[in-house]
There are 2 protein chains.
Amino acid sequence: MSRTTGFRRRVRLGPGSEFDLIGSFLDGGDDLPPEVVVGPGDDCALIEGGRWAVSCDLSLEGVHFRRNWLTLREIGYRAAAVALSDIAAVAATPVATLVSYGLTPDDLGTDGARELQRGVEEACGSVGAVVVGGDLTRSPTLLVVDVVVLGRADAPVLRDGARVGDEVWVTGHLGAAGAALRVFLEGRAPEPALRSAYAHPKPRVGEALWLAERESLHALIDLSDGLGADAGHVAAASGAGIVLEAVRLPVAPAATRVAGGEREAVELALSAGDDYELCMAAAPGALDELRDDFESTFSVPLTRVGRVVEGRGVYLDAGDGEPEPLHDAGYDHVDFRGDAGA
Amino acid sequence: MSRTTGFRRRVRLGPGSEFDLIGSFLDGGDDLPPEVVVGPGDDCALIEGGRWAVSCDLSLEGVHFRRNWLTLREIGYRAAAVALSDIAAVAATPVATLVSYGLTPDDLGTDGARELQRGVEEACGSVGAVVVGGDLTRSPTLLVVDVVVLGRADAPVLRDGARVGDEVWVTGHLGAAGAALRVFLEGRAPEPALRSAYAHPKPRVGEALWLAERESLHALIDLSDGLGADAGHVAAASGAGIVLEAVRLPVAPAATRVAGGEREAVELALSAGDDYELCMAAAPGALDELRDDFESTFSVPLTRVGRVVEGRGVYLDAGDGEPEPLHDAGYDHVDFRGDAGA
């Protein structure tokens, strides 16, 4: 059971190495009590012999969203969807959420709070979870939304079980949320398909359960940090390497238009975060026969994008020679978070 | 099962009626899934047939602490202790915590994060809980610490079971944290006993379990909002009134010195939050015979402060006539939070 990436999963949000280091401190060294089977190091902690998955996800104004990009309802929806995605990422079933709000006095009257909560409830309702509690406080300057999710984990799938020879698959299209962010940062309005990918990510709860029930998934993660970085988490936790094939990456068509070219689109798909699609490793051929059924059930593509190999790290096979290693922390990517502190 | 105060518990943190209203919205109207036996409305949500208690507590710079008042380690300790107190407040046993950090870039290097986490671990370790996960992100301006606590709830005690004729008891001394806050706000340094009460509240986990194992507690709450307001929560949830006797209130001696007089000290003890002591209702005489043993075991006083009566609301018996109703939302109290948004 990996215990090395619980906090580091969000490394990209910081200025780089400093946050890496901080993450490693925070993972600490406490002995875990018997109720806890997975502590820091996966998308969720698993408690009570693994029967409950629990995770929290902090959304801050100026870091994860800006008010002029999203409505309050969308801010609430997105904060909850991102947290729920962590439950999908271990193939658990969301049950209950708690939400901590820090509301600014100036611009959040009762209607604002209601809109935020409506968004949270919309996301929770879409996957059968309900809000059971939370905390509410005034915030001096920043809108703060921290969402805690608890889920039933009858047969959790972690990120550490990928085996050499496995295939690597992803759901959905990649890069659209990152492309939206890029357009937002240029001061423009992204086209609807891109905006929707950023504002309304769909936690792939049903998809994860459907797949895990039908086939043995060796490793599973959600794509919050970008495929390059998240595949890196799977590779590191599993003690293996992963080769991604550029030609296979299901880049969202609208993202390709923003990226400006095929090569740039691949970079975006590898490096942009916030896709909240699933990435999984499974035995060769295992998912091939499920694909048609999956795609017709969910109207979401299921695509083989690479393979698990001996070694460590993530490599990109661009089709023009030997696979090249990706940068350790994933590609540098559109990251307005780095500017947020200024 | 009350569902009306889950968010409203923190009402005092806001400017009053607006936050009351917001809290009532946030309590929502979702049907609860069968796993959830108590949703919004108590110190914790209880899930899995009541066997797990879960709560979250958001601490924001400028609202719940200021950096020039507390060290980073104390900020971490306090954020976790306050969250753990919610587990004590239902007589559950803390097991696991998750912590969401929003760290500012300017003043939080790795040492700062480490100090925060040490404080969190100190509080958790003091009651046998461990940090199993969390989230880490950059914050543009404010230090943010949100602590989620999960606890085993073998026999949870809620706030809604007080019966007419019950006695109302509290642990510890009251008003010291509030007095510290008052001194801080005057730009001075509180004396050590006051500072410690504010910086190092002790979650009364062992005390709550000890009492609940030995005697039937009809209602239990922790004193986060001040005795007046928290007794009000018990009264409202239980459908009864509570009379507090001024002469019995265990005001901290150092708080009396800050308050400036006996009457002012009573006001402070009723209105100041952040005591994180326990308040409980039990049958007449039930706790009398436990008191000596409790006080020698924990070196913490256990004091009868009032009684449950017919009616609604909280009344103060000042010993000079009929009990007078306390202001609905508790006394106005030292509240630097109201200024924090300026």
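As shown above, the structure is provided for reference.
Residues numbered from 1 in each chain as written. Chains lettered and ligands numbered in written order. Predicted model: local features only at pLDDT ≥ 70, side-chain atom pairs only at ≥ 80, totals over all residues. Heavy atoms only, no water.

A.B. asks: I would appreciate a short explanation of the overall build of chain A in the present structure.
C.D. replies: Within chain A, the regular secondary structure consists of 11 helices and 13 strands. A total of 342 residues make up chain A; the buried ones form 64% of that total. Here the analysis covers contacts within chain A between residues at least 6 apart in sequence; of these, 82% occur between residues at least 24 apart. As presented, chain A carries roughly 11500 Å² of accessible surface, and 47% of it is formed by carbon and sulfur atoms. (Helix = DSSP H or I, 4+ residues; strand = E, 2+ residues; numbered from the N terminus. Buried < 20%, exposed > 50% of the residue type's maximum accessible area, 1.4 Å probe, protein only. Contact = heavy atoms within 4.5 Å. Areas by Shrake-Rupley, 256 points an atom, 1.4 Å probe, with all protein chains shown as cover.)

A.B. asks: Is there a simple way to think about the state of the cysteines in this case?
C.D. replies: A disulfide bridge is the covalent bond that connects two cysteines by way of their sulfur atoms. Under the defined criterion, the tally for this structure stands at zero disulfides over all chains. Of all cysteine sulfurs, the one in Cys 56 of chain B lies closest to Cys 56 of chain A, which takes part in no disulfide; the gap is 9.3 Å. The closest cysteine sulfur to the non-disulfide-bonded Cys 279 of chain B is located on Cys 44 of chain B, 16 Å from its own sulfur. (Disulfide = S-S within 2.5 Å.)

A.B. asks: Where do I start with the sheet that holds strand 9 (residues 241-245) of chain A in this structure?
C.D. replies: Adjacent strands of a sheet pair through backbone hydrogen bonds, lying either parallel or antiparallel. All names here are of chain A. Spatially, 8-10-7-11-9-12-13 is the arrangement adopted by the seven strands of the open sheet, whose pairing is mixed. The strands lining the two open edges of the sheet, one partner per strand, are strand 8 (217-222) and strand 13 (324-325). Note: strand 9 against strand 11 (residues 302-309), four bridges, orientation antiparallel. By the bridge assignment, Gly 241 is partnered in strand 11 with Val 309. Across the sheet, helix 10 (residues 288-298) lies against strand 7 (167-171) and strand 11, angled at about 0° from strand 7, the strand it touches most. (Pairing = 2+ DSSP bridges. Axes fitted to C-alpha atoms, helices over the stretch in contact; angles between N-to-C directions.)

A.B. asks: Would you mind showing me how to read the pairing of strand 4 (residues 93-103) of chain A here?
C.D. replies: All names here are of chain A. Summarising burial for strand 4: 10 of the 11 residues are buried, a large majority. In this structure, strand 4 lies alongside strand 6 (residues 144-152), joined through nine bridges in antiparallel fashion. Its bridge partner being in strand 6, Ser 100 is matched across the sheet by Asp 146. With eight bridges joining them, strand 4 and strand 5 (residues 130-138) adopt parallel strand pairing. Residue pairing across strands places Thr 97 opposite Val 131, the latter belonging to strand 5.

A.B. asks: Help me understand the side chain of Asp 166 of chain A, please; the structure alone is not making it clear to me.
C.D. replies: Residue and element names in this part refer to chain A. Within the secondary structure, Asp 166 is located in the loop between strand 6 and strand 7. It is Arg 163 that comes nearest to the buried, bridge-free Asp 166 among opposite-charge side chains, at 5.2 Å. Reaching out from Asp 166, the side chain makes a polar contact with the side chain of His 218 at a distance of 2.7 Å. Residues within four places of Asp 166 in sequence aside, it is in contact with Gly 161, His 218, Ala 281, Ala 282, Ala 283, Pro 284, Gly 306, Arg 307 and Val 308. (Lys, Arg positive; Asp, Glu negative; His and termini not counted. Salt bridge = Lys/Arg side-chain N within 4 Å of Asp/Glu carboxyl O. Polar contact = N/O pair within 3.5 Å; in protein donor to acceptor, adjacent residues only side chain to side chain.)

A.B. asks: Looking at this model, I keep getting lost on the sheet that holds strand 7 (residues 167-171) of chain B. Mind explaining?
C.D. replies: Residues and elements named next belong to chain B. Spatially, the seven strands line up as an open sheet ordered 8-10-7-11-9-12-13, and their pairing is mixed. The outermost strands of the open sheet, each flanked by one partner alone, are strand 8 (217-222) and strand 13 (324-325). Pairing analysis gives five bridges linking strand 7 to strand 11 (residues 302-309), with the strands arranged antiparallel. Pairing of Trp 169 across the sheet is with Arg 304, part of strand 11. Sitting on the sheet, helix 7 (residues 227-238) touches strand 7, strand 8, strand 9 (241-245), strand 10 (278-282) and strand 12 (313-317), and the angle it makes with strand 9 is about 150°.

A.B. asks: Any chance you could explain the nonpolar core here in plain terms?
C.D. replies: For soluble globular proteins, the rule of thumb is that nonpolar side chains tend to be buried together. Within the largest apolar cluster, 99 residues are counted, with the highest numbers of intra-cluster contacts made by Tyr 198, Leu 211, Leu 227, Leu 244 and Met 280 of chain B. Of the residues forming this core, the biggest block, 10 residues, is contributed by helix 2 (residues 72-88) of chain B. Core analysis: the next-biggest nonpolar cluster, separate from the first, contains 98 residues, Leu 46, Val 145, Ala 219 and Leu 287 of chain A among them. (Core = buried A, V, L, I, M, F, W, Y, C linked by side-chain atoms within 4.5 Å.)

A.B. asks: Got a minute to help me understand helix 3 (residues 110-126) of chain B in this structure?
C.D. replies: All names here are of chain B. End to end, helix 3 covers 24 Å across 17 residues, agreeing with the expected 24 Å (1.5 Å per residue, within 8%). Considered for burial, the residues of helix 3 that qualify are Thr 110, Gly 112, Ala 113, Leu 116, Gln 117, Gly 119, Val 120, Ala 123 and Cys 124. Looking one or two residues past helix 3, Gly 128 carries a phi angle of roughly 80°, positive in sign. (Expected span 1.5 Å × (residues − 1).)

A.B. asks: What's the story with unusual backbone geometry in this structure? I'm lost.
C.D. replies: Even without glycine at this site, Ser 299 of chain A takes up a positive phi of about 55°. The residue Ala 91 of chain B is not glycine, and still its phi comes out positive at about 55°. Following the sequence through the fold, Ala 91 of chain B ends up in the loop between helix 2 and strand 4 (93-103).

A.B. asks: Before we go on, may I ask you to explain the environment of Ser 296 of chain B in this structure?
C.D. replies: All names here are of chain B. Along the polypeptide, Ser 296 turns up in helix 10 (residues 288-298). Owing to a relative accessible area of 55%, Ser 296 belongs among the exposed residues under this scheme. When the C-alpha atoms of Ser 296 and Ala 282 are compared, they prove to be 20 Å apart, with 14 residues separating the residues in sequence. From its side chain, Ser 296 meets the backbone oxygen of Asp 293 in a polar contact 3.1 Å long.

A.B. asks: Explain the pattern of salt bridges to me, please; I cannot follow it from the model alone.
C.D. replies: Two side chains bearing opposite charge may form a pair once their charged atoms approach each other closely. A complete count under the given rule lists 32 salt bridges over all chains for this structure. Across the pair Glu 61 of chain B and Arg 67 of chain B runs a salt bridge, and its minimum N-O distance is 2.9 Å. Judged by its relative accessible area of 16%, Glu 61 of chain B falls in the buried class. Residue Glu 122 of chain B is joined to Arg 73 of chain B by a salt bridge in which the shortest nitrogen-to-oxygen separation is 3.2 Å. Within this pair, whereas Glu 122 of chain B is found in helix 3, its partner Arg 73 of chain B is found in helix 2, the two being separated by 49 residues in sequence. The class for Arg 73 of chain B is partly exposed, based on a relative accessible area of 35%. One network of salt bridges, with partners in common, ties together Glu 48 and Arg 51 of chain A together with Arg 152 of chain B.

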